[in-house]
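# Structural overview
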Amino acid sequence: MFKSTKWLKGLNTSQLNYGVAVSDVDHDGTFEWIVAGYNGKNFVLSYDKNRKRLVDLAQKGTKFEALLDVRGQAIGVAACDIDGDGKEEIYFLNTNNAYAGRASYGDKLFKYRNGAYVDLFSDQVNRNLDAKHFAGRSVACIDRFGNGIYSFIVATYSTGGTGKFALIEMDAQNNRNDVSSGFIALKNAASEAGIDKATGGRGIAVGPILGNGYSDIFFDNEGNPWRGNPGGNFLFENNGRGQFTDRANETGTIDENENGRGIALADFNNDGLIDITYGNWDGNHRLFLQRKNKKGEIKFRNVATKAFRNPTLVRTVIAKDFDNDGNLEVFFNNICGRNNVKQPNKLFTVIPVNTNKVSVKKVRIGKAREPNGCGTGGAVADMNGDGKLDLILSHGESNGQPLTVFEVGPGSENNWIRILPVTRSGAPARGARVTATLLDGRKLTRVIDGGSGYLCQMEPVAHIGLGNNSAVSVEIQWPDRTLVTKSLTNLDMNKTHKIAVTGK
């Protein structure tokens, strides 16, 4: 499936790196890969089409200098628009000198202000925000009110109840806010939202999981009795007013005897319901299909095959259609074990059989197998604009290794369409749902990523492979449940469409 590139030629990326996010950092209309550097600088990698290389925008003496943040030991990163100005802010989750509880160096929340990126946590109004100081594991974004103004969710790793999950957002009631000048007062809204849990937080995924159209949150967690952390997952349902109720137990996703890592949301069987796949650290991986029983209750059923669920030292999990054939692949990024025990990455394709069944087959992964790779993160985006997703992998923790970037080999003959929904202010509408109706009647549903993988965040685009088919329409549902349907013709295929929300 994957072939190596020379996109990183001339860049020294050999250090401990972790999470990767995708955002338009330089506001030129194309996306960059943002890499969290643990024992060195953070990277902002932009694709230069003329040189066919990646260039690092994060350099001293530039407007991106603050993003370097060499002092921070960053592991998680995400981007979204927290003040409704149309530009995404960038959250780096730091864990300096802390496996759990309180860190010695806080998180950073960067905003583009007055011609350069600055840290909002350094503003006087935000310096006493305690939530930025706890050791986190993943950060993701949610539009919990459906108004196009996002919050950053932080899954923390608590010890003895210290260090609860956080929800960092603009304090809309604070009269010191001045969005026009970029001065934003922040607050931790986790308690009022009902997600202020203390446990071994790991992965986060955000999207309209439970079918009401609002953005829900799935956390997969790690149990640790020595730190007082239960191991059950959380599946928080949004009531449409930004408050959440945990439905993990009743839906069958609690999985309390495993230790979660990477998560991805997808509709694997094309029934219009959002499914969940995730990896458990050295435990059985999950492929949960959503269904409704005769009572109308939502239940998730694990359909992982033996090969799929086989335990690995998993980190990032990505569910995308890499070869544009209309079927989704699931990529498992693993970290090499102790004493250099090989843990190669794995790739599976999931083919719908009917609304209750899928066929799961292992795929020859190619160069991205990396049997000696110490994988810690990864993300996808169509960086060179060829209509196929590109994959970046980061490595670290047990061994410093350079970043690696891969292109997809097969699928050039297949059709595709890419949908970029945006908010009323023009920012990516993370958490939106996109459904393409094909000429043969199939419906392919994708979720605009607010955070997934583990420590990571994918591009905010619905990438839909069509095979030799074509799409006749596309429906977008924004996090406020606004629906927009756009008719398509053959002239619309093999293009990216930016679609704005309409109405009030």
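Since the model is a prediction, treat every value here as computed from it, not as a measurement.

## A short note on the sheet that holds strand β34 (residues 483-487)
As summarised here, the arrangement of the four strands in space is β31-β30-β33-β34, forming an open sheet in which the pairing is antiparallel. Across the chains shown, the open sheet's two edge strands, defined by having one partner strand only, are β31 (443-447) and β34. Each strand axis lies, on average, 15 degrees off the axis of its neighbour in the sheet, ignoring direction. Pairing of strand β33 (residues 471-477) with β34 involves five bridges; the strand directions are antiparallel. Bridge pairing links E475 to T485 in β34.

## Focus on the state of the cysteines
Summed over the entire model, instances satisfying the criterion amount to two disulfides. Disulfide pairing places C80 opposite C141 at an S-S distance of 2.4 Å. The sign of the -80 degrees torsion about the S-S bond sets the C80-C141 disulfide as left-handed. Here C80 is found in strand β6 (residues 74-80), whereas its partner C141 is found in strand β10 (residues 136-142), with 61 residues between them in sequence. The residue that forms a disulfide with C336 is C374, at a sulfur-sulfur distance of 2.1 Å. Linking C336 and C374, the disulfide has an S-S dihedral of approximately 55 degrees and is accordingly described as right-handed. Here C336 is found in the loop between β23 (328-334) and β24 (346-354), whereas its partner C374 is found in the loop between β25 (357-362) and β26 (375-381), with 38 residues between them in sequence.

## Side note on the nonpolar core
F2, W33, F152, I168, F322 and F331 are the most contacted members of the largest nonpolar core, which has 81 residues in total. Top contributing element to this core by residue count: strand β29 (residues 415-422), with four residues. A266, V314, V317 and F348 belong to the second-largest nonpolar core, a separate cluster that totals 18 residues.

## Focus: the pairing of strand β11 (residues 151-156)
Of all six residues in β11, six are buried; the element is thus mostly enclosed. As paired strands, β11 and strand β12 (residues 166-170) are joined by three bridges and run antiparallel to one another. Along β12, the bridge assignment pairs F152 with I168.

## Some points on the packing of aromatic side chains
How two aromatic rings sit relative to each other is set out by the distance from centre to centre and by the angle between their planes. Counted by the stated rule, this structure contains 21 aromatic pairs. The interplanar angle of 55 degrees and the centroid separation of 5.3 Å between the aromatic rings of Y18 and Y38 together place this pair among those described as tilted. You can see Y18 sitting in strand β2 (residues 17-23) and its partner Y38 sitting in the loop between β3 (32-37) and β4 (43-48), a full 20 residues away along the chain. With a centroid separation of 5.1 Å and 55 degrees between ring planes, the pair formed by F308 and F348 is classed as tilted. Linking F308 in helix α3 (residues 306-309) with F348 in strand β24, this pair joins segments that are 40 residues apart in sequence. The same class applies to F308 and to F348, which are both buried. Taken together through their ring pairs, the aromatic side chains of F165, F219, F234 and F236 make up a single cluster.

About the thresholds
Residues numbered from 1 in each chain as written. Predicted model: local features only at pLDDT ≥ 70, side-chain atom pairs only at ≥ 80, totals over all residues. Heavy atoms only, no water. Pairing = 2+ DSSP bridges. Helix = DSSP H or I, 4+ residues; strand = E, 2+ residues; numbered from the N terminus. Axes fitted to C-alpha atoms, helices over the stretch in contact; angles between N-to-C directions. Disulfide = S-S within 2.5 Å. Core = buried A, V, L, I, M, F, W, Y, C linked by side-chain atoms within 4.5 Å. Buried < 20%, exposed > 50% of the residue type's maximum accessible area, 1.4 Å probe, protein only. Phe/Tyr/Trp six-rings, centres within 6.5 Å; stacked < 30°, edge-to-face > 60°.

Interpretation in functional terms is not warranted from these geometric data alone.
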